[in-house]
Amino acid sequence: MEKEHLRSQGWFGKKGKDGFIYRAWMKNQGIPSHQLQGKPVIGICNTWSELTPCNAHFRELAESVKNGIYEAGGYPVEFPVMSLGETLMKPTAMLYRNLVSMDVEESIRANPLDGVVLLCGCDKTTPALVMGACSVDLPTIVISGGPMLTGKHRGKDIGTSDIWTFFEDNRSGTMSDEELYTAEACLARSKGHCAVMGTASTMACMVESLGLSLPDNAAIPAADSRRKALAHLSGNRIVEMVKEDLKLSDILTRKAFENAITVNAAIGGSTNFIIHLLAIAARIGVELSIDDFNTAARGVPLLANLQPSGKYFMEDFYYAGGLPALMKELQSHLHNETITISGKPMADNYSDCVCYNRDLIGTLETPFNTTAGIVVVKGNLAENGAVLKPSAATPALLKHTGKAVVFEDIDDYKHKIDDPELDVGESSILVLKNVGPRGYPGMPEVGNMSIPKKLLDQGVRDMVRISDGRMSGTGFGTVVLHVSPEAAVGGTLAVVQNGDVITLDVQAGILHLEVSDEEISLRKAKLNLHGNIVNRGYTHLYQMHVEQAHLGADFDFLKGGSGSKVVKDSH
Ligand code: FES
Ligand code: MG
């Protein structure tokens, strides 16, 4: 691309008062004039925050990106956007994903940028940044922060997925409070995001399989020096991408999305993947529906033996060959010709890769598990769909009929779950309402609700659980999530009553409430749906505009993009 065609020259190349103002204030940072005279200006969109521990090392990572940009002849400008820390934010980081996507979109478009590097790590930061960037569609590279080193506790490898077991063990008395306390310091022992195939790692694999990052982005640990080298190389590459005018929309084709779905099945990726990928597709204008998640990955087995579906950690995954080695095994299921940020076919990322640990990365002939992917189930209890991750479930429960034990909302659940009088048995189905996008609001990760204490004491460790909420990507169990329509908008979930019989048949793709249509209609007519709308601020905007989970839970007015053009000046 010629210098005069650079988008940033619409600011820095201007004559007159506007150009003067655009340049003069940048110079207060000690920038010599030549930096603003036709070099590609690359934004480094940084989700660094000490309130997002998983992204707290990003200032450092940004320096490596800058070095790469300078080296390739570009001019880097780092800018912050709102960060989303999964562990601290109440009521849930997901409430703010769409807000951050707006921050990112507007920050990119409004500023003199020719290309963007997105620094993301903790769960929601990745989809939020990619969604926002898609709505502008400049040349863009994603760099993930990388996973933490594997936790070590009393001779055992531990990671986020162990938290769920720790607390069941603590409640049932097999793990002491003191042991819990020491585990706290051992679990998150280095910089980086969750060390298992939770949502953050899933998102890192998603961007790599979509073609939006350099190979190995998904698994290099945050603490490994090669993460910085990858950031440096990404800085090099983004400058070239600007010259080639290689934009997000050139990479994010329908086939790229199908690749991501296939890879997600083979890695045992998080159920949150569905929501985020649907939202991203809608931003870039690619047709993708929830049903595609059942079809695109058909026949793909689980290759990765990673927690929570298996035993290893992300660090081990990198040493085993990482995502490229896994994608090489998957070649016959992938569109190998889709192009990536390199401008070259996807296959170039993995054709020469070697796997160093066959116990971690299986082959199509000898996979880790023949059951893979995320299954979409439908029926009168979820007309638009609900999802379940079979590899994290108990096989015997994948076809199950049981009586509902209903919790009207999360407070009702917390109040009743450990009540010894609760009428519940191991074949019961726990139903939690009003934890959907509009209902909670923000669709929190409470879908893998804990088992009643009295059943835990009997040794029960899994039950069928159904809700309109989400589950942490690190969670497991026979958990039906994302029921759409949600209870708060009058979905059938809202009218399930204690004792109603529910059938789940994952193989057949069915989630059915054994109650007649007439009775369901009668119950729905009595619903009062308007009790829970917050009347001001961002939460109000969210509740008024959030779409249902099967569409990606984005705002209805954010679909598509507005491009990168801004015709009016500011003075
Ligand atoms: Fe940030 Fe798990 S809490 S990735
Ligand atoms: Mg999470």
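By convention here, each chain's residues receive numbers from 1 onward along its written sequence. Think of it this way: whatever chain is written first is A, whatever ligand is written first is 1, and the rest follow in order. Totals for whole chains, interfaces and linings use all residues, but because this is a predicted model, local features are given only for residues with pLDDT of at least 70 and pairs of side-chain atoms are given and counted only at 80 or more.

## Observations concerning the overall build of the chain
Secondary structure assignment for the chain yields 19 helices and 14 strands. A globule of 571 residues ought to have a C-alpha radius of gyration of about 25 Å, and the chain, at 24 Å, matches this closely. In terms of its C-alpha atoms, the chain occupies a principal-axis envelope of roughly 75 × 55 × 45 Å. With C-beta atoms placed from the backbone, a residue counts as buried when 20 or more other C-beta atoms lie within 10 Å of its own, as exposed when 12 or fewer do, and as partly exposed for counts between those limits. Classification of the 571 residues of the chain by burial places 57% in the buried group. Counted over contacts in the chain with a minimum sequence separation of 6, partners at least 24 positions apart contribute 79%. Secondary structure counts use DSSP, requiring at least four H or I residues in a row for a helix and at least two E residues in a row for a strand, with both numbered from the N terminus. We take the radius of gyration over the C-alpha atoms and set the globule estimate at 2.2 Å times the residue count to the 0.38 power. Whether two residues are in contact is decided by their C-beta atoms, placed from the backbone, lying within 7 Å.

## Let's talk about the domain arrangement of the chain
Domains are outlined according to an automatic or database domain assignment. Assigned domains within the chain: domain 1 (1-38), domain 2 (40-149 + 190-349) and domain 3 (375-532). The C-alpha-based centres of domain 1 and domain 3 are spaced at 56 Å.

## Focus: the pairing of strand 13 (residues 501-505)
Because side chains alternate across strand 13, one face comprises the buried residues Ile502 and Leu504, and the other comprises Val501, Thr503 and Asp505, none of which is buried. Paired strands are those between which DSSP finds at least two bridges. Two strands pair when backbone bridges link them, and strand 9 (residues 399-407) and strand 13 are joined in this way by five bridges, in the antiparallel orientation. When the bridges of strand 13 are listed, Lys403 appears paired with Val501. Pairing of strand 13 with strand 14 (residues 510-513) involves four bridges; the strand directions are antiparallel. Bridging from a neighbouring strand, Ile502 pairs with Leu513 of strand 14. Here strand 13 folds back onto strand 14, and the loop between the two strands holds four residues, one of which, Gly509, carries a positive phi near 75 degrees.

## Quick look at the nonpolar core
Put simply, a nonpolar core is buried Ala, Val, Leu, Ile, Met, Phe, Trp, Tyr and Cys residues tied into one set by C-beta atoms within 7 Å. Counting 173 residues, the largest nonpolar core has Val117, Leu118, Ala266, Ala304 and Val480 as the members making the most contacts within it. By residue number, the principal contributor to this core is helix 12 (residues 272-284), which donates 10 residues. Taken domain by domain, this core gets at least three of its residues from each of domain 2 (40-149 + 190-349) and domain 3 (375-532). Residues contacting Val480, with those up to four places away along its chain left out, are Val377, Ala386, Leu388, Val464, Arg465, Ile466, Leu504 and Leu511.

## Overview of the pairing of strand 10 (residues 429-432)
Neither face of strand 10 is left uncovered, since the one carrying Ile429 and Val431 and the one carrying Leu430 and Leu432 both have all their residues buried. Judged from the four bridges that link them, strand 10 and strand 11 (residues 464-467) form a sheet pairing that is parallel. What sits directly across from Leu430, in strand 11, is Arg465.

## Here we look at the environment of Pro390
Take Pro390: it is sitting in the loop between strand 8 (382-388) and strand 9. Spatially, the C-alpha atom of Pro390 lies 23 Å from that of Phe167, the residues being 223 residues apart in sequence. Setting aside residues no more than four positions away along its own chain, Pro390 makes contact with Thr371, Val375, Leu398 and Val506.

## Structural notes on the UniProt feature "domain: Dihydroxy-acid/6-phosphogluconate dehydratase N-terminal" (unreviewed entry) in the chain
UniProt positions are given in the numbering used here, feature names are shortened, and annotations may be inferred rather than shown by experiment. The positions UniProt marks with the feature "domain: Dihydroxy-acid/6-phosphogluconate dehydratase N-terminal" (unreviewed entry) are residues 39-349. The span residues 39-349 shows a helical share of 45% and a strand share of 9%, and its end C-alpha atoms are spaced 29 Å apart.

## Quick notes on the packing of helix 5 (residues 125-134) against helix 12
Comment: axis = line fitted to C-alpha atoms, over the contacting stretch for helices; angle = value between 0 and 180 degrees taken between N-to-C directions. Helix 12 packs onto helix 5 with a crossing angle of 10 degrees between their chain directions and a minimal axis gap of 8 Å. Here helix 12 runs roughly parallel to helix 5, going by the angle between their axes. The handedness of the crossing between helix 5 and helix 12 is left-handed. For the pair helix 5 and helix 12, contact is made by Pro127, Val130, Met131 and Cys134 and by His276, Ala279, Ile280, Arg283 and Ile284, respectively. A breakdown of the residues in the contact of helix 5 with helix 12 according to their chemical character gives seven nonpolar, one polar and one charged. Roughly parallel here means an angle under 35 degrees, roughly antiparallel means over 145, roughly perpendicular means 65 to 115, and every remaining angle is called oblique. Crossing chirality is assigned from the near helix's rotation relative to the far helix, an anticlockwise turn below a right angle marking it left-handed and a clockwise turn marking it right-handed. Polarity classes work like this: nonpolar for Ala, Val, Leu, Ile, Met, Phe, Trp, Tyr, Cys and Pro, charged for Asp, Glu, Lys and Arg, and polar for all others, with Gly in that last group.

## What about the sheet that holds strand 1 (residues 41-46)?
Sheet architecture is open: four strands sit in the order 2-1-3-4, paired in parallel fashion. This sheet does not close on itself; its edge strands, each paired only once, are strand 2 (75-80) and strand 4 (140-144). Within this sheet the neighbouring strands show an average axis-to-axis angle of 20 degrees, counted without direction.

## Let's talk about the environment of Leu303
Relative to the helices and strands, Leu303 resides in the loop between helix 13 (292-295) and helix 14 (314-319). Judged by the 28 C-beta atoms lying within 10 Å of it, Leu303 falls in the buried class. Leu303 sits 58 residues away from Ile361 along the chain, and the two C-alpha atoms are 5.4 Å apart. The contact partners of Leu303, leaving out residues within four places of it in the chain, are Ala266, Leu326, Glu329, Leu330, Ile361, Gly362, Pro367 and Phe368.

## Observations concerning the environment of Glu329
Turning to its location among the elements, Glu329 is positioned in helix 15 (residues 322-329). According to the C-beta neighbour criterion, Glu329 is buried, with 23 such atoms within 10 Å. Expressed as a C-alpha distance, the spacing of Glu329 and Ala223, which sit 106 residues apart in the sequence, is 27 Å. Every residue in contact with Glu329, bar those within four places of it in the chain, is listed here: Leu303, Ile361, Thr363 and Leu364.

## Points about unusual backbone geometry
Residues Lys90 and Pro91 are joined by a peptide bond in cis, for which omega reads -5 degrees. Considering the arrangement of structural elements, one finds Pro91 in the loop between strand 2 and helix 4 (97-110).

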